Amino acid sequence: MIEAAGPNADQIRYWNEVAGPKWVVLHDIISAQIRPLGLLAMDHAGLAAGERVLDIGCGIGETTREIGRRVGPGGSAVGVDISAPMLDSAREAARAAGAANVTFVNADAQTAALPGPFDVLYSRFGVMFFAEPQAAFTNLRSALRKGGRLAFVCWRSLQENPWLLVPATAAARHLPLPQPDPHAPGPFAFADAARVRDILSRAGFVRIHHEPIDRELSVAGGKSLDETVEFLLQMGPTASALREAQPEPELLDRVRAEVREAIAPHQGPEGVRMAGAVWIVTAAVD
Ligand SMILES: C[S@@+](CC[C@H](N)C(=O)[O-])C[C@H]1O[C@@H](n2cnc3c(N)ncnc32)[C@H](O)[C@@H]1O
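Parameters and conventions
Residues numbered from 1 in each chain as written. Predicted model: local features only at pLDDT ≥ 70, side-chain atom pairs only at ≥ 80, totals over all residues. Heavy atoms only, no water. Near = heavy atom within 4 Å. Polar contact = N/O pair within 3.5 Å; in protein donor to acceptor, adjacent residues only side chain to side chain. Areas by Shrake-Rupley, 256 points an atom, 1.4 Å probe, with all protein chains shown as cover. Helix = DSSP H or I, 4+ residues; strand = E, 2+ residues; numbered from the N terminus. Nonpolar A, V, L, I, M, F, W, Y, C, P; charged D, E, K, R; others polar. Phe/Tyr/Trp six-rings, centres within 6.5 Å; stacked < 30°, edge-to-face > 60°. Buried < 20%, exposed > 50% of the residue type's maximum accessible area, 1.4 Å probe, protein only. Lys NZ or Arg CZ within 6 Å of the ring centre and 35° of its normal.

Caption draft 1: Up close: the site of the ligand. Residues in contact with the ligand amount to 19 residues; listed here are only the nearest, G57, D81, D108, A109 and R124. At 3.0 Å, a backbone N or O of A109 approaches a nitrogen atom of the ligand. R124 is positioned with one of its side-chain polar atoms (N or O) 2.6 Å from an oxygen atom of the ligand. Look at the ligand: alone it shows 590 Å² of surface, and the protein chains cover 98% of it. With 3 residues, helix α1 (residues 9-45) is the single largest residue contributor to the shell around the ligand. Here the shell around the ligand is composed, by residue class, of 11 nonpolar, 5 polar and 3 charged.

Right, here's the structure in full:
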């Protein structure tokens, strides 16, 4: 594990001690939910055989393996992440899949010397956690070859993402919801397209394009209503509220029941499905 030091020390602690172990356990559910969005961003990257690609904040490496498959044996995929437990899982899955052109680096993508030059920088929800995003993207751009491309998917605002807003609003009837600075590192830090355009252009990227995608998501990969509630208590603003409030079991049960009632209307034969909203962001360097 890398030392929890430097500008992203809080995130290094969080993704090693709190969120990373949770993602490893829940990865089947999370993957079922976000896989289509990650693949869409990958399609926008237009990967070609033989290319070298960096997967930023690769987590458990599902996308890194898919990139490796798309660029073929003559190309390579490198996943970079600060979370040791997620990378352990990523390495094991890559070994099991025989993905010989896939490797992983445990490092802070904002500050580390990255093993470029890369043809493409890609990320599925892994670029919104930098304390200093402009410094991070300047560092990332320096690892990209001239003429290289960037493609990532990130969440739009909480208000545009009912799959997280509905449970958070239900929980807020019993618990104070944290009100973080909208630009602070976190899932919604890149919701503001004008801000992201500014960050990327100051970091030297050109032809910056934001495509809004609105999709119904399989919230918990077709699990039962009760399992979906448990999943939602561990994700996003509802999980943050619970972590801060540390409610007694009785209050926790009330939150659970409130969240269940709020999402029940969205349950169908394929489990709970609710609207989600993301940006697919693409850019290049000349
Ligand atoms: C929301 S998760 C997405 C994981 C993965 N891309 C996926 O879609 O399954 C965000 C990831 O970004 C990683 N991350 C956060 N800050 C980072 C940084 N400064 N450098 C590298 N990775 C970082 C986290 O450890 C985590 O794995």
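Caption draft 2: Up close: the packing of aromatic side chains. The tally for this structure, following the rule as stated, stands at 10 aromatic pairs. Seen in terms of ring centroids, F125 and W155 are 4.3 Å apart; in terms of plane orientation they differ by 15°. Their pairing is stacked. Highlighted residues: F125 in the loop between β4 (118-124) and α4 (133-142) and W155 in strand β5 (residues 144-155), separated in sequence by 30 residues. The buried category is assigned to F125, whose relative accessible area is 9%. With 6.3 Å between their ring centres and 80° between their planes, F137 and F205 make a pair best called edge-to-face. With F137 in helix α4 and F205 in the loop between α6 (193-202) and β6 (206-218), the pair connects residues that are 68 residues apart, well separated along the chain. The rings of F130, F137, F152, F190 and F205 are connected pair by pair, giving a single aromatic cluster. Over the ring of W279 we find R156, and its NZ or CZ is 5.3 Å from the ring centre.

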